[in-house]
Amino acid sequence: MSSLAFIFDMIFSCIVTLILLYRCGDYRRQHPITTGAVFIAWFFSILIVFILPLDISLAVYQDCLDHPPPVTIQPPIVNLITSNSTGFVCPRPWSYINPDVYRELWRVVYWTSQVLTWFILPLMQSFCETGEFSIKGKIRYAIKANLIFYGVLTLLFVVLIIYVATKVSLTWSYFMATIVAASTTWGLFLLVLMLGYGLVQVPKNIYNHSRTVYMLGHIQFKLSQLYNEKVEIEERLDSLIDDVTKFCMQIKANDPLRPCLEQIIKIVPEQYSNRIKLTMDDYDNNRIAVVNHFNDFEKERELIKLHERLKKNIHIHNRVQVSWVQMIYEAFYLEDIVNNEKNTNHEFVRQNPLPPSWFRKYLFDGHPVLEWYTYCLIRPWALRLLGVLLAIVSLLVIWSEMTFFSTRPVLSFFAQCVNTARNHYSYFTIEVFCCLSIAYLCLCAYYTIFRIRILDYFYLSLYHLTDDNSLIFAATFLCRLTAPLCYNFLGMIHLDQAITNKTDRDETIFTQIMGHLVAIPIVSMGFNFYFPMLICLLSIGTFFRLGSRCLHACGFRQFFDDDGISAEYVEDGKSLMARERRNYGGVDTLAHTTTATERQNRRRELEEKYGLRSASAMASNNLHRNNSETRRLRSSVDEPLLNAGSDTATRSGK
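Structure report, in brief. Here the structure is a predicted model, which means the values were calculated and not measured. (Residues numbered from 1 in each chain as written. Predicted model: local features only at pLDDT ≥ 70, side-chain atom pairs only at ≥ 80, totals over all residues. Heavy atoms only, no water.)

Attention now moves to the pattern of salt bridges. Per the stated rule, a full pass over the model turns up 16 salt bridges. Ionic pairing is found between aspartate 63 and arginine 422, a salt bridge with its closest N-O pair at 3.1 Å. With aspartate 63 in helix 2 (residues 32–66) and arginine 422 in helix 13 (residues 413–423), the pair connects residues that are 359 residues apart, well separated along the chain. Grouping residues by exposure puts aspartate 63 and arginine 422 together as buried. (Salt bridge = Lys/Arg side-chain N within 4 Å of Asp/Glu carboxyl O. Helix = DSSP H or I, 4+ residues; strand = E, 2+ residues; numbered from the N terminus. Buried < 20%, exposed > 50% of the residue type's maximum accessible area, 1.4 Å probe, protein only.)

Structurally, the position occupied by glutamine 114 is in helix 3 (residues 99–129). Judged by its relative accessible area of 8%, glutamine 114 falls in the buried class. If sequence neighbours within four positions are ignored, glutamine 114 has contacts with Phe119, Ser183 and Cys479. (Contact = heavy atoms within 4.5 Å.)

Counted under the stated rule, the structure contains 1 disulfide. What pairs with cysteine 64 in a disulfide is cysteine 90, and their sulfur atoms sit 2.1 Å apart. Because the torsion about its S-S bond is -90 degrees, the bridge between cysteine 64 and cysteine 90 counts as left-handed. Placement of the pair is cysteine 64 in helix 2 and cysteine 90 in strand 2 (residues 89–91), with a sequence separation of 26 residues. Free of any disulfide, cysteine 434 has its nearest cysteine sulfur in cysteine 435, 8.8 Å distant. (Disulfide = S-S within 2.5 Å.)

With that settled, the discussion passes to the packing of aromatic side chains. Applying the stated criterion across every chain, the model contains 32 aromatic pairs. Between phenylalanine 157 and phenylalanine 175, the ring centres sit 5.8 Å apart and the planes meet at 80 degrees, which makes this aromatic pair edge-to-face. Note that phenylalanine 157 is positioned in helix 5 (residues 147–167) and phenylalanine 175 in helix 6 (residues 172–208), a separation of 18 residues in sequence. Given a relative accessible area of 22%, phenylalanine 175 falls into the partly exposed group. With centroids separated by 5.8 Å and ring planes inclined at 85 degrees, the aromatic side chains of tryptophan 358 and phenylalanine 359 adopt a geometry described as edge-to-face. Cation over ring: arginine 480 sits above tryptophan 118, and NZ or CZ is 4.4 Å from the ring centre. The cationic tip of arginine 545 hangs over the ring face of phenylalanine 560; the distance from NZ or CZ to the ring centre is 4.3 Å. (Phe/Tyr/Trp six-rings, centres within 6.5 Å; stacked < 30°, edge-to-face > 60°. Lys NZ or Arg CZ within 6 Å of the ring centre and 35° of its normal.)

Below, the structure written as structure tokens:
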């Protein structure tokens, strides 16, 4: 029976991973190898939430056997083991299994994560993003693209080994400990950055969702930015389709490069295929003449570049189209709540032109009073309460991070709680408390990864529209955070002898396998003890939005409810909502492609209001023209777009 907890944790972690991977990716479009590698990386990063607490309770039990207290106590459970001390029995944990299982599991989790994050995933990322047409070409590109990365990594590692060899006698075991310490130290650096943002932003974001007027303004601000992005990506696609058409006219059916061109034509969206066909008809009827500017080698290189840009921009176009539908729905939903909050009859009147979800329709159709109390009274107060509770937990985490090196007195809140349960041999309490604590740390750290956006290079979207590159990039980060999260939490609860300096206590199997971070002298002298204290400074900066204010000052527009430019974007979002409400005739209408006239009018409006010009796709992508540079529209770097969807708006309900 004791193994059921372990089996349940494995199955539950697998289910959570599958749900996340299903929501973000599209297994029918992704390569099976990509899906498998990302699943393993995400699975291990979630598994530690449930396995580490079991390891901690096992360490408490083993410590009881090896160092029993001098008096006899009445154990709280019936499964008893007599210790070396006379008359004392140690209660066995309800989740007890053979320690060798944890020993092998931690080896698999750690070394698999390290191989994935440093070797396999970087190569897979380059393999997926290239425009090469053959497997051999993709592999060759992936190796070339990572030569600099591996060269710098090797150089730093050699310098590190030389430094360690000058301080201690370097044996094979010390060599492996140095690898673990170096990788974990880099992971701790990333963890500090992630927690510094997530510990503040998670409770703050939940609390802000109770401020319906604020959230409506924020959505309207992002609607304006998303429409700008929508116009720009359609311009880029127009230009890329022109380039595809020109290559169709230059590369004949008997040309060796024709199969490569056919691969490009297959991924062209349906609404652009007719344009290629019509242009080819005009060419066949001698109404268009084309000059061939490239030889065969140059033509192949240009086809590869065109293929890479077209894949990327088609994906962005699909994501923006579905994001537009989801964001419009969210804006109408919040607008309904704002309009109904002041209803004195306490009845919810729907003005949203879009149909409600099946769940909301099932619960509230015919019950407008219940709907009003749910959305206008219970929802905001529940979000406020949850936001305040999570803010208190975040403060306790920050306090414990700043004080976990103090063992006399014990100032860490988490160490105090675990010690109290430990004294009473309440293994179940230890496991539940540690599981919830690690889950919150993982939530705050992983939240940052899921919310960050690096231009169009990295962006995790829901509704099956995250590209392979972003999935692999996120998996790389999660692998690098897995071991540091365990080290950090064990330090917070004083189960790491390198922090407590107590050698009379048994440690977790994780620590026995991984060792302490003492192999690198500069690290063992206090870097990993005091560096996490920077979380406090980063949290203060996140609370006052110092990063967003700097970006806003540099021209990357961020949402501030007291800013004039943000107010103009909000007004623009209101006008876009009004236009969609007037034109509404179904989801396909909401996700329509803008016409050339609409894009031209939008560019003129932006230039008059903000002095911004759209980045012309003809300047950045056209292979045969040299236009002057233009300043690109800048989208928000503070938060990613609200939602993203499947390849078409029709699939957004998946």
